[in-house]
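The primary structure of each chain is shown beneath.
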Amino acid sequence: MLPIDFIVIGGGTSGLCSAISLSRIGHRVTLLEQSDDFEETTGAGGVNIAPNMARLFSRWGLTDRLHEFSVSSHLLHIHRYETGSLIGKHLWQEEVLKELGGEFVSLHYGDLRRVLKDLASEAGAVIRSSARVTSISIGEQGQRPFVTLSSGETLEADVLVGADGISGISRQSVVGQVERPTFTGLATYNAVISEDQIRQHPELVTLFQEEGSFFTWFGHNKSVLTYPLKTRKRGKCIALTMYLPLDDTPPTGWSQSISPEDVVRQLGECDPRILQLISLATSVSYVPIVQMPELASWIDQNNRLVLVGDAAHPVFPGATQATAMGVGDAAALGQVFRHLHHIDQIKSLLKGFEELRQERVGFVAAQEWDYFSITTMPDGEMQTMRDERLRKRHALGLNAFDAEDPDSGDVLNQWEIARKIFGYDAEDEANEWWTKWGSLQERAIFKNITAGWEVEVKHEEESALE
């Protein structure tokens, strides 16, 4: 492998995992993060690690480190938002998770970033905080791109990885202009509440009665999710994620603070337990939910800047696979660049990375938005049918999201979901791409390179004879 220089712009999970993946195979990586603290992330809440993401982390040697600050989850309780009545449950069977080679795990986002930062440093990446990128210069074809920091310092590399999110400078550099997102009228609100506070209220104790349980409420253009955390600084907690209206706020991709009292005004009529939970929150953050134009390409025209994570394919904050898709990008990028032997391969490897990831994230993002529509479905005929079906299945002791008959086409059964979403392995897919297509492209590139050498040698020999 030919080691080259990468600059990763952004120190979220997709950026840190890109630094890990590329450094592990021998490339020289510098990661630039604008904040000054990787653990104290503004507005950070919980993050869910699905089996496809957990499997990659296990391969990277992170299982034991994450175990200290994570909680395994397996059961989802589904309620009506307005009344709190139970309408269904979904249990992930042990044999399904065993087949997938991973499990559902939840932990605090700040704890996850700290663990990823430590691993990236151990792998050899240079991690710089308080390093805000103010401009990106790609240069002419064949030139090395460089970035300029707010301090005036410039840094150059062979490839730039844009992992700075939906509103970052990297996406603007690829698109060539500032985009106008479409605001959905909703936002994701996050809060973290300590278990000690919750246990003082008997009506909330049920949230801890079954270890590792998620609780969700489906409402009219609203939904709420709670799940357990085991944080490094605050001990056992409950993460509260709410999808609620947001009025008169310009859309932005960055987290902002809001008072719990203002959140209560957005809640409207709801299960009293939700009101009780939000009253215990000491701080709440929110991110407006926007829809961005789908990018035809994640790569700049000179093939030296590539986007990953939300910078390339944003979904709504809090989506189950939002973090996993960015981690998958990072894992695939590292596996693809394991096969770099000549600088002329950069273009073809970036195109290969884009090819193998675009179809995958398009499928997963569509599934996430479909689920979001189900959980926030407006009251009406469709909502009534949804609730009746869930109640009927619960009464029969059946899982909420399994089909009665796997061949009915009604709803994907558990195995089907597991195989398509959670059974996916980004590194394996990247290796398969290389076996099928990448090696062929490499041979074509080297054929052109050696042909050029032969012409040069022949010209030199003819000149010598003259």
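Residues numbered from 1 in each chain as written. Predicted model: local features only at pLDDT ≥ 70, side-chain atom pairs only at ≥ 80, totals over all residues. Heavy atoms only, no water.

Put simply, the rule is: UniProt positions are given in the numbering used here, feature names are shortened, and annotations may be inferred rather than shown by experiment.
The name recorded for the chain in an unreviewed UniProt entry is FAD-binding domain-containing protein, from Somion occarium. Comment text from UniProt for the chain, heading Sequence similarities (unreviewed entry), reads "Belongs to the paxM FAD-dependent monooxygenase family."

### Considerations on the overall build of the chain
Stated formally: Helix numbers and strand numbers start at the N terminus; a helix is a DSSP run of H or I with at least 4 residues, a strand a run of E with at least 2. Values of accessible area rely on a 1.4 Å probe in the Shrake-Rupley scheme; residue burial ignores everything except the protein chains shown.
Helix and strand counts for the chain come out as 15 helices and 19 strands. When the accessible surface of the chain is totalled, it reaches about 21,000 Å², and 49% of it is carbon and sulfur.

### Structural notes on the sheet that holds strand E11 (residues 154–156)
In plain terms, the rule: Paired strands are those between which DSSP finds at least two bridges. Under this scheme, a helix contributes an axis fitted over its contacting stretch, all axes are lines through C-alpha atoms, and angles between N-to-C directions fall in the 0 to 180 degree range.
The antiparallel open sheet is built from 3 strands, whose spatial order is E9-E10-E11. In this open sheet, the two edge strands, each paired with only one partner strand, are strand E9 (133–137) and E11. With strand direction ignored, the average angle separating the axes of adjacent strands in the sheet is 20°. Across 3 bridges, strand E10 (residues 146–149) lies against E11 in antiparallel orientation. Its bridge partner being in E11, Val147 is matched across the sheet by Leu155.

### A closer look at the packing of aromatic side chains
The criterion, for reference: Each aromatic pair joins two rings of Phe, Tyr and Trp (for Trp, the six-membered one) with centres within 6.5 Å, and gets the label stacked for planes under 30 degrees apart, edge-to-face for over 60, and tilted for any other angle. Three exposure classes are used, based on accessible area relative to the maximum for each residue type with a 1.4 Å probe and protein chains only: buried under 20%, partly exposed in between, and exposed over 50%.
Going through the model one piece at a time under the given rule, you end up with 14 aromatic pairs. For the ring pair Trp92 and Phe422, a centre distance of 5.5 Å and an interplane angle of 85° mean the geometry is edge-to-face. With Trp92 in the loop between strand E6 (86–91) and helix H4 (94–100) and Phe422 in helix H14 (residues 414–422), this residue pair connects regions lying 330 residues apart in the sequence. We classify Trp92 as buried; its relative accessible area is 14%. Residue classification places Phe422 among the buried residues on the basis of a relative accessible area of 7%. Look at Tyr243 and Phe316: their rings are 5.7 Å apart centre to centre, the planes differ by 80°, and that puts the pair in the edge-to-face class. One end of the pair, Tyr243, is in strand E16 (residues 235–245); the other, Phe316, is in the loop between strand E19 (305–307) and helix H11 (322–336), with 73 residues separating them in the sequence. When sorted by exposure, Tyr243 lands in the same class as Phe316, which is buried. Through a chain of ring-to-ring contacts, three or more aromatic side chains come together here, namely Tyr243, Phe316, Trp369 and Phe372.

### Observations regarding the packing of H11 against helix H12 (residues 346–375)
Operational definition: In what follows, roughly perpendicular refers to angles from 65 to 115 degrees, roughly parallel to angles under 35, roughly antiparallel to angles over 145, and oblique to any angle outside these ranges. Take the far helix as your reference; a near helix turned counterclockwise from it by less than a right angle gives a left-handed crossing, and one turned clockwise gives a right-handed crossing. Any two residues whose heavy atoms approach within 4.5 Å are treated as being in contact. The classification used treats Ala, Val, Leu, Ile, Met, Phe, Trp, Tyr, Cys and Pro as nonpolar, Asp, Glu, Lys and Arg as charged, and all other residues, Gly among them, as polar.
Orientation of H11 relative to H12, taken along the N-to-C sense of each, is 155°, at an axis distance of 10 Å. Our classification of the angle between H11 and H12 gives roughly antiparallel. Crossing geometry of H11 relative to H12 is assigned as right-handed. Contacts from Met325, Gly328, Asp329, Ala332, Leu333 and Val336 of H11 reach H12 at Leu349, Leu350, Phe353, Leu356, Arg357, Val361, Val364 and Ala365. A breakdown of the residues in the contact of H11 with H12 according to their chemical character gives 11 nonpolar, 1 polar and 2 charged.

### Some thoughts on the sheet that holds strand E5 (residues 75–80)
Taking strand neighbours across the sheet as the criterion, the 8 strands line up as E6-E5-E14-E15-E16-E13-E18-E17 in an open arrangement whose pairing is mixed. Of all strands in the sheet, those with a lone pairing partner are E6 and strand E17 (256–258), marking the two edges. The mean angle between the axes of side-by-side strands here comes to 25°, regardless of whether they run parallel or antiparallel. Note that E5 and strand E14 (residues 213–219) share 6 bridges and pair parallel. Looking at E14, one finds that His77 is bridged to Phe215. Across the sheet, helix H9 (residues 260–267) is in contact with strand E13 (182–194), strand E15 (222–231), E16, E17 and strand E18 (284–291); its angle to E16 comes to roughly 50°.

### Section: the nonpolar core
Just so we agree on the cut-off: We define a nonpolar core as any set of buried Ala, Val, Leu, Ile, Met, Phe, Trp, Tyr and Cys residues linked to one another through side-chain atoms lying within 4.5 Å.
Counting residues in each nonpolar core, the largest one holds 94 residues, and the members touching the most others are Phe57, Trp60, Val147 and Phe337. Looking at this core element by element, the count peaks at 10 residues for H12. Residue contacts for Val147: discarding those within four places in its chain leaves Ile7, Ile9, Leu32, Val133, Ser135, Ile136, Glu153, Thr154, Leu155 and Leu160. Counting residues in each nonpolar core, the second largest holds 28 residues, with Val263, Leu267, Val284 and Tyr286 among its members.

### Focus: the pairing of E5
Burial of E5 is extensive: 6 of the 6 residues sit out of reach of the surface. Both E5 and E6 contribute to a ladder of 5 bridges, which runs antiparallel. Among the inter-strand pairings, His77 is bridged to a residue of E6, identified as Lys89.

### A word on unusual backbone geometry
Unlike most non-glycine residues, Asn221 shows phi in positive territory, near 60°. Among the structural elements, Asn221 can be located in the loop between E14 and E15. Asn221 sits in the partly exposed class, given a relative accessible area of 33%. Unlike most non-glycine residues, Asn303 shows phi in positive territory, near 60°. With respect to the element layout, Asn303 can be found in the loop between E18 and E19.

### Here we look at helix H2 (residues 51–59)
Counting buried positions along H2 gives 7 out of 9 residues, so the element sits mostly inside the fold. Within H2 the residues assigned to the buried category are Pro51, Asn52, Met53, Ala54, Arg55, Leu56 and Phe57.

### Points about the pattern of salt bridges
The test is simple: Criterion for a salt bridge: a side-chain nitrogen of Lys or Arg within 4 Å of a carboxyl oxygen of Asp or Glu.
Tallying each qualifying case throughout the model produces 20 salt bridges. Between Asp379 and Arg80 there is a salt bridge, with the nearest N and O atoms lying 3.3 Å from each other. Linking Asp379 in the loop between H12 and helix H13 (381–395) with Arg80 in strand E5, this pair joins segments that are 299 residues apart in sequence. Of the residues examined, Asp379 reaches a relative accessible area of 42% and is grouped as partly exposed. For Arg80, a relative accessible area of 9% translates into the label buried. For Arg357, the salt bridge identified is with Asp329, shortest N-O distance 2.7 Å. Of this pair, Arg357 sits in helix H12 while Asp329 sits in helix H11, placing them 28 residues apart in sequence. For the residue pair Arg357 and Asp329, the accessibility class agrees, reading buried in each case.

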